[in-house]
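# Descriptive structure summary
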Amino acid sequence: MSSLQTLDVKQRSATTSPSPSIRSTVEVAKLIDISKCIGCKACQVACGEWNDIRDVVGHNVGVYDNPSDLTANTWTVMRFTERETEGGKLEWLIRKDGCMHCADPGCLKACPSPGAIVQYANGIVDFIEEHCIGCGSCITGCPFNIPRISRQDNKAYKCTLCSDRVSVGMEPACVKTCPTGAITFGSKQDMVEHAAERVRDLNERGYQNAGLYDPKGVGGTHVMYVLQHADTPQIYHGLPRDPHISPLVSLWKGALKPIALLAMGAAVLTGFFHYVKVGPNDADADEGDDTKPESAGAGVKQEER
Amino acid sequence: MSVDPNALIQRYSDSERMNHWAVAILFVLAALSGLSLFHPALFWLTNLFGGGPWTRILHPFLGVAVVAAFLVEMVRFWGDNRIEEHDRQWLRQWRDVLGNREHKLPATGRYNGGQKALFWVMVVCMLALLITGVVFWRPWFADYFPIFLVRLATLIHAAVATVFILTVIIHIYAAIWTKGSVRAMMRGTVSARWAMKHHRAWAQEKIKQG
């Protein structure tokens, strides 16, 4: 996508000064109610339709996941998990995978190219491909394994939360098309409240551990799930229990950056002032003749002369 | 022993010098392209390489090139860089080194303790940068490694590069500070006086050889 004038920018990658932020907008969120999903993949189709992207025809790998993974041309994919409940019944968990639009986005933190990743004031995290250099740092930074680099143009792609639609007051294409109402969109606050109602309903239906997935480790997300089993999110095709930006990434993009530059600058300055104080070490300008034999015996044991 | 203090002694052969400067030029290019992607304040350096994508493409190749050129130099200088007891003594007397009291230091061979330490830091850094760099080299190799390793390699790469650049800053300053060193690496020769002052053991051997 390109950075949209109608969406104010909260932060941009590789930028240390404030972004334009005099206006405040409502934080938005997409709520995916897994208990309502029937796995029809209409959202996948709508995503491809709206964004005008077509993946290559892949191979059936023996499960319903099709394509089997996210790609540069597939920004959302249904992940199917079959599991047996304690009562011996089949439970089919279908999770719509895609960018979570973290409040604290690891991709944005890791990206070295100014403005290649932006977070709008409404919370959407968007890749601005024209500034993307194809280094893959966003993949390194993402706690959810979402961004994919295109083999075609070496640019990173992922779900935009239909930032172009949202900027003109529309809902994302997947929300628009979902036939069961499993995907809803609105202000984050409304979605949290709506989720609470859904959780209450699920509790009444016997799902004691139902809950909202809005992980605090990444500051909350702007794509949230209602899970029947919120105590074990990992059963939903490996949804991380406590996602956060890896400490390795935080160290690399946090402390190391300023410390490294300061150390380099300090080293240069130290050299300069050493030269100013001590002066050059110039053999040919020395008084006397250093090739004299008596001074040639200087050895290990010599302490003072 | 009477030697004309102004007599010239060959310190570096033609191929040694060209090898050194090939490494130096490639190192500067690799370092600048790497720094440009390391800190946003230095992103403008990507302009030297044709923009962001080109910097991302070129940096790993520059890195491999500098390692290749360095391997040749490493083999050449390996034998002269074995650290011995008098080198440790030299390093312990770093205050005398910085204070320009070189006459208090033990006589050194072709390289002093500081130069030898620098050599080994460079060997380790080159190796570490090569290995970690391959792990997150996109689009070819990164996909073969688990994300944990990619993250670890990226962090180590940046940290080692920082140590390496600091080492090179010291190396360059030492060459500026010790007059005659740049000439030695540019033209290959040093005066007998220079050699006796800075590398007495090596100078005596050279003079003996004639």
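The following paragraphs examine the structure supplied in this document.

About the criteria used
Residues numbered from 1 in each chain as written. Chains lettered and ligands numbered in written order. Predicted model: local features only at pLDDT ≥ 70, side-chain atom pairs only at ≥ 80, totals over all residues. Contact = placed C-beta atoms within 7 Å. Helix = DSSP H or I, 4+ residues; strand = E, 2+ residues; numbered from the N terminus. Nonpolar A, V, L, I, M, F, W, Y, C, P; charged D, E, K, R; others polar. Buried ≥ 20, exposed ≤ 12 C-beta atoms within 10 Å, placed from the backbone. Pairing = 2+ DSSP bridges. Core = buried A, V, L, I, M, F, W, Y, C linked by C-beta atoms within 7 Å. Axes fitted to C-alpha atoms, helices over the stretch in contact; angles between N-to-C directions.

### Some details on the interface of chain B and chain A
Taken together, the contact between chain B and chain A spans 53 residues of the former and 48 residues of the latter. Elements supplying a minimum of two residues to the side of chain B that touches chain A: α1 (14–38), α2 (52–77), α3 (85–92), α6 (147–177), α8 (192–198) and α9 (200–209) of chain B. Ranked by the residues each element gives to the side of chain B that touches chain A, the list is headed by α6 of chain B, at 15 residues. Within the side of chain B that touches chain A, the residues separate by chemical class into 29 nonpolar, 14 polar and ten charged.

### Comments concerning the pairing of strand β11 (residues 223–227) of chain A
All names here are of chain A. Most of β11 is tucked away: five of the five residues are buried. Burial along β11 is two-sided: the face carrying Val 223, Tyr 225 and Leu 227 and the face carrying Met 224 and Val 226 are both buried. Relative to β11, strand β2 (residues 28–33) is paired through four bridges, and the arrangement is parallel. Following the sheet pairing, Asp 33 is matched in β11 by Val 226. Bridge count between strand β10 (residues 211–213) and β11: three bridges; the pairing is antiparallel. What sits directly across from Gly 211, in β11, is Leu 227.

### Some points on the nonpolar core
Ranked by internal contacts, the top residues of the largest apolar core, which has 95 residues, are Ile 34 and Ile 117 of chain A. Top contributing element to this core by residue count: α1 of chain B, with eight residues. Sequence-distant contacts of Ile 34 of chain A, defined by excluding residues within four places in its chain, comprise Leu 93, Ile 94, Arg 95, Tyr 225, Val 226, Leu 227, Gln 228 and Tyr 236 of chain A. Core analysis: the next-biggest nonpolar cluster, separate from the first, contains ten residues, Val 190, Ala 192, Met 196 and Ala 203 of chain B among them.

### Looking at the sheet that holds strand β9 (residues 183–187) of chain A
All names here are of chain A. A sheet is described by the order of its strands in space; here four strands give the open sequence β9-β2-β11-β10, paired in mixed fashion. Each of the sheet's edge strands pairs with one partner strand only, and the pair in question is β9 and β10. Strand-to-strand twist of the sheet, defined as the mean angle between neighbouring strand axes without regard to direction, takes the value 25°. Contacts from helix α6 (residues 188–204) reach β2, β9, β10 and β11, with the element oriented near 135° to β9.

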